[in-house]
Amino acid sequence: MNTITLLGILRTAALVAVLGYVVVVGLLYLFQRSLIYPTWALAAEAAVRLPPPGLERVAVATTDGQRLAALWKPPRDGAPVIVSFHGNAATPHPYADRFANEAPWAGGGYGVLVVAYRGYPGSTGRPSEAGLIEDARAALAFVAGRAPGAPLVLHGHSLGAAVAVAAALEAEADLLYLEAPFHSALRMAREGYPAVPAGLLLKDTFRNDLRLPDARARDVLIAHGELDRIVPVAHGADLAAERVGTRFVRVPGADHVSILGVADQEAARLVRERRGDPQGAE
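The present account deals with the structure reproduced in this document. On a predicted model such as this, the values are computed, not experimentally measured, just so you know.

### As for the side chain of His 93
Reasoning step 1: Within the secondary structure layout, His 93 lies in helix H2 (residues 92-101).
Reasoning step 2: In terms of polar contacts, His 93 uses its side chain to reach the backbone carbonyl oxygen of Arg 49, at 3.3 Å.
Reasoning step 3: If sequence neighbours within four positions are ignored, His 93 has contacts with Ala 46, Arg 49, Leu 50, Pro 51, Pro 52 and Leu 71.

### Structural notes on a nonpolar patch on the surface
Reasoning step 1: A cluster of nonpolar side chains, Tyr 29, Leu 30 and Phe 31, forms an exposed patch at the surface whose accessible area comes to about 330 Å².
Reasoning step 2: Looking at the element boundaries, Leu 30 is found in helix H1 (residues 3-36).
Reasoning step 3: Overall, the relative accessible area of 62% leaves Leu 30 in the exposed class.

### As for the side chain of Arg 118
Reasoning step 1: Residue position: Arg 118 is located in the loop between strand S4 (111-115) and helix H3 (129-146).
Reasoning step 2: The buried category is assigned to Arg 118, whose relative accessible area is 4%.
Reasoning step 3: Polar side-chain contacts of Arg 118 include one of 2.8 Å to the side chain of Asp 135.

### Observations regarding helix H8 (residues 233-240)
Reasoning step 1: Every buried residue of H8 is listed here: Val 233, His 235, Gly 236, Leu 239 and Ala 240. Looking straight down H8, one finds its buried side chains confined to an arc of 160°; they lie on one side.
Reasoning step 2: Buried positions along H8 lie against strand S6 (173-179), helix H5 (185-192), helix H7 (208-211), strand S7 (217-225) and strand S8 (247-251).

### A look at the sheet that holds strand S1 (residues 56-61)
Reasoning step 1: Spatially, eight strands are ordered S1-S2-S4-S3-S5-S6-S7-S8 in an open sheet, and the strand pairing comes out mixed. The open sheet terminates on both sides in strands that have one partner only, identified here as S1 and S8. The sheet shows a mean angle of 20° between the axes of neighbouring strands, direction not considered.
Reasoning step 2: As paired elements, S6 and S7 share six bridges and run parallel to each other. The residue of S7 that forms the bridge with Glu 179 is Ala 223.
Reasoning step 3: Sheet strands in contact with H3 are S1, strand S2 (67-73), strand S3 (81-85), S4 and strand S5 (152-157), and its direction is about 115° off that of S1.
Reasoning step 4: Where helix H4 (residues 159-167) meets the sheet, its contacts fall on S3, S5 and S6, and the angle it forms with S5 comes to roughly 150°.

### Things to note about unusual backbone geometry
Reasoning step 1: The amide bond that connects Ala 103 to the next residue, Pro 104, takes the cis arrangement and shows omega of 5°.
Reasoning step 2: Relative to the elements of secondary structure, Pro 104 occurs in the loop between H2 and S4.
Reasoning step 3: The phi torsion at Phe 206 lies on the positive side, around 40°, for a residue other than glycine.
Reasoning step 4: Structurally, the position occupied by Phe 206 is in the loop between helix H6 (198-201) and H7.

### Quick notes on the nonpolar core
Reasoning step 1: Formed by 53 residues in total, the largest nonpolar core has its most connected members in Phe 85, Leu 154 and Leu 176.
Reasoning step 2: Those residues in contact with Leu 176, other than ones at most four positions away along the chain, are Leu 154, Ala 164, Val 165, Ala 168, Leu 212, Ala 215, Ala 217, Asp 219, Val 220 and Leu 221.
Reasoning step 3: Phe 99, Leu 175, Tyr 177 and Val 271 belong to the second largest nonpolar core, which has 26 residues in total.

### Examining the packing of H3 against H4
How two helices pack is summed up by the angle between their axes together with the distance between the axes.
Reasoning step 1: H4 packs onto H3 with a crossing angle of 60° between their chain directions and a minimal axis gap of 9 Å. When the axis of H3 is compared with that of H4, the two are oblique. Two packed elements cross with a definite hand, and for H3 against H4 that hand is right-handed. Contacts between H3 and H4 involve Leu 132, Ile 133, Ala 136 and Leu 140 on the former and, on the latter, Leu 159, Val 163, Ala 166 and Ala 167.
Reasoning step 2: Tallied by class, residues from the contact of H3 with H4 come to eight nonpolar, no polar and no charged.

Parameters at a glance
- Residues numbered from 1 in each chain as written.
- Predicted model: local features only at pLDDT ≥ 70, side-chain atom pairs only at ≥ 80, totals over all residues.
- Heavy atoms only, no water.
- Helix = DSSP H or I, 4+ residues; strand = E, 2+ residues; numbered from the N terminus.
- Polar contact = N/O pair within 3.5 Å; in protein donor to acceptor, adjacent residues only side chain to side chain.
- Contact = heavy atoms within 4.5 Å.
- Patch = residues over 30% accessible without salt bridge, like charges linked within 9 Å, V, L, I, M, F, W, Y side chains within 5 Å.
- Areas by Shrake-Rupley, 256 points an atom, 1.4 Å probe, with all protein chains shown as cover.
- Salt bridge = Lys/Arg side-chain N within 4 Å of Asp/Glu carboxyl O.
- Buried < 20%, exposed > 50% of the residue type's maximum accessible area, 1.4 Å probe, protein only.
- Arc of directions from axis to C-beta.
- Pairing = 2+ DSSP bridges.
- Axes fitted to C-alpha atoms, helices over the stretch in contact; angles between N-to-C directions.
- Core = buried A, V, L, I, M, F, W, Y, C linked by side-chain atoms within 4.5 Å.
- Parallel < 35°, antiparallel > 145°, perpendicular 65-115°, else oblique.
- Left-handed = near helix turned anticlockwise from the far one by under 90°.
- Nonpolar A, V, L, I, M, F, W, Y, C, P; charged D, E, K, R; others polar.

Encoded structure:
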């Protein structure tokens, strides 16, 4: 093989590699929201599933014309309303059932609202960072209309933690309770796709790191499992460090899903103390 032939092969290989890279990056850019919000993987029956005991199906209207499927339970005796924001591949039902019917929340008179984000089963629209933040505003407005003056607990898991942090910029909360949050979606993209210029291509950056310090929450609690392979525990630890006074619970043996509810006793204790009721109902 002569030198000219070898150079031609190398140029061709380099061109194929460059084109392949451009194609992969282009596909990631075009379909990034399908990866972040995998609504295609969720069963449509979630929209018509019977609500858990004590909750009712309601529709929450957004200011930009969307209608969100939601589960609602009104508070009792001046108790707080827990507004929970679900993960990116989840639906409202398990979160609503947990806060309405499981210890330590059951029997405490807590109200509960969990909305299905736009584009998720039962809700209109298409998801985006701006859209989910608008959904959070609609959830807060719904609570203000149905339970005026009720204290708030804002909860979120994974992607929902980012929505909860954004909501806490606009509403005062007794507690901001985050499970398996990422430091930012931008950092997640950079770690997951190091060869891709995420800073230029990512549409929804969810900068929890920049928002958390300004959150209007009296207490912040972050719980993260050491075995989390979806959002590494370093994200939760680093996010906690962004705001002085944040309580960080690092849970050995817990992963991205089994972390759910592990810190509920601590969360409920913080809420009760804010209400001047250190014992409270369980």
